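# Coordinate inspection notes
Here are the chains, one letter per residue:
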Amino acid sequence: MNYPKFELGPLVLCVDHIKPVLQCLIHSIMFHRILGVVNPREISSDLFPNISYMTCNNNNVYNEIEEKIQVIISSINKQQISAQQKEEKKSNDDENDEDNNNTYIDIDRILILFYESKQKDHWFGIGQSETKEYWERWDIKLNIIKSKKDIDLYKLEKNVKSNIIKIIEFVNSNYNHLPKLPKEKQLSSPISFPYEITVPN
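What comes next is a walk through the structure. This one's a predicted model, so the numbers in the text were calculated from it and none came from an experiment. (Residues numbered from 1 in each chain as written. Predicted model: local features only at pLDDT ≥ 70, side-chain atom pairs only at ≥ 80, totals over all residues. Heavy atoms only, no water.)

## What to know about the overall build of the protein chain
The secondary structure content of the protein chain amounts to 3 helices and 6 strands. For the protein chain, the sequential pattern of α-helices and β-strands runs β-α-β-β-α-β-β-α-β. A burial count over the protein chain gives 38% of its 201 residues as buried. If you take every contact in the protein chain between residues at least 6 apart in sequence, the share linking residues at least 24 apart comes to 76%. Only carbon and sulfur atoms are counted for the fraction: they give 45% of the accessible area of the protein chain, which is about 12400 Å². (Helix = DSSP H or I, 4+ residues; strand = E, 2+ residues; numbered from the N terminus. Buried < 20%, exposed > 50% of the residue type's maximum accessible area, 1.4 Å probe, protein only. Contact = heavy atoms within 4.5 Å. Areas by Shrake-Rupley, 256 points an atom, 1.4 Å probe, with all protein chains shown as cover.)

As structure tokens, this is what we get:
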């Protein structure tokens, strides 16, 4: 099934910047795709003095998104350790390699996917299985470098801010694909549809 795919970035950053950058972008996406009636909450970025982002004024929703972000960071940290081990091996093989300090970690994007969960009948009507029908995808492109001193924070802040604006423009101009909202009594959370936030292998 074809569904809209929106791209953000690429953003050049180091590991220490991942959490505040993802908070700005993922909370902004989720706020505009909760789709139900919610009370907004404005949060100032911990890293960028001139950026604030919107989220749902619901602690359960906020904490759920924060947990997803933390899972992503844990995955990136594991890949960083693996990259360091490979680099150490490479440096042992080639002690004259002068570009080691600027090695990129092998992660190029974070995916956010929204879907409907539907029941599908098996052949001959024997049993059912749950299927996912995706209706929207967001790609957050990252270039994660090791050296913090090579990051221009002003440029990164400007880039994050422009991507928040891009999120708003995307959601305001792309709405014909949105699925029908479930009835309010069927919802256990202000988030109207299930979603995935993943780091592709």
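## Looking at helix α3 (residues 153-173)
Its 21 residues place the ends of α3 30 Å apart at the C-alpha level, agreeing with the 30 Å of an ideal helix rising 1.5 Å per residue. Every buried residue belonging to α3 is among L156, E157, V160, N163, I164, I167 and V171, and all of these are buried. Angular distribution of buried residues about the axis of α3 spans 125°; they occupy a single face of the element. Exposed residues on α3 whose side chains face more than 90 degrees from its buried face are Y154, K155, K158, N172 and S173. (Expected span 1.5 Å × (residues − 1). Arc of directions from axis to C-beta.)

## Quick word on the environment of P194
Relative to the assigned elements, P194 resides in the loop between α3 and β6 (195-198). Separated by 77 residues in the primary sequence, P194 and S117 have C-alpha atoms spaced 7.5 Å apart. Apart from residues no more than four positions distant in its own chain, P194 is found in contact with L113, F114, Y115 and S117.

## Overview of the pattern of salt bridges
Overall, the coordinates contain 8 salt bridges when judged by the stated rule. Between E7 and K141 there is a salt bridge, and its shortest N-O distance comes to 3.1 Å. Placement of the pair is E7 in strand β1 (residues 5-13) and K141 in strand β5 (residues 128-144), with a sequence separation of 134 residues. Three or more residues joined by partner-sharing salt bridges are found here, namely R109, R137 and D139. (Salt bridge = Lys/Arg side-chain N within 4 Å of Asp/Glu carboxyl O.)

## Details of the side chain of S45
By the secondary structure assignment, S45 is in the loop between β2 (40-44) and β3 (52-56). Here the side chain of S45 touches L47 through a polar contact of 3.1 Å, landing on its backbone nitrogen. Apart from residues lying up to four places away in sequence, S45 is in contact with C24, I51, S52 and Y53. (Polar contact = N/O pair within 3.5 Å; in protein donor to acceptor, adjacent residues only side chain to side chain.)

## Comments concerning unusual backbone geometry
Residues G9 and P10 are joined by a peptide bond in cis, for which omega reads 10°. Examined against the element boundaries, P10 turns out to sit in strand β1.

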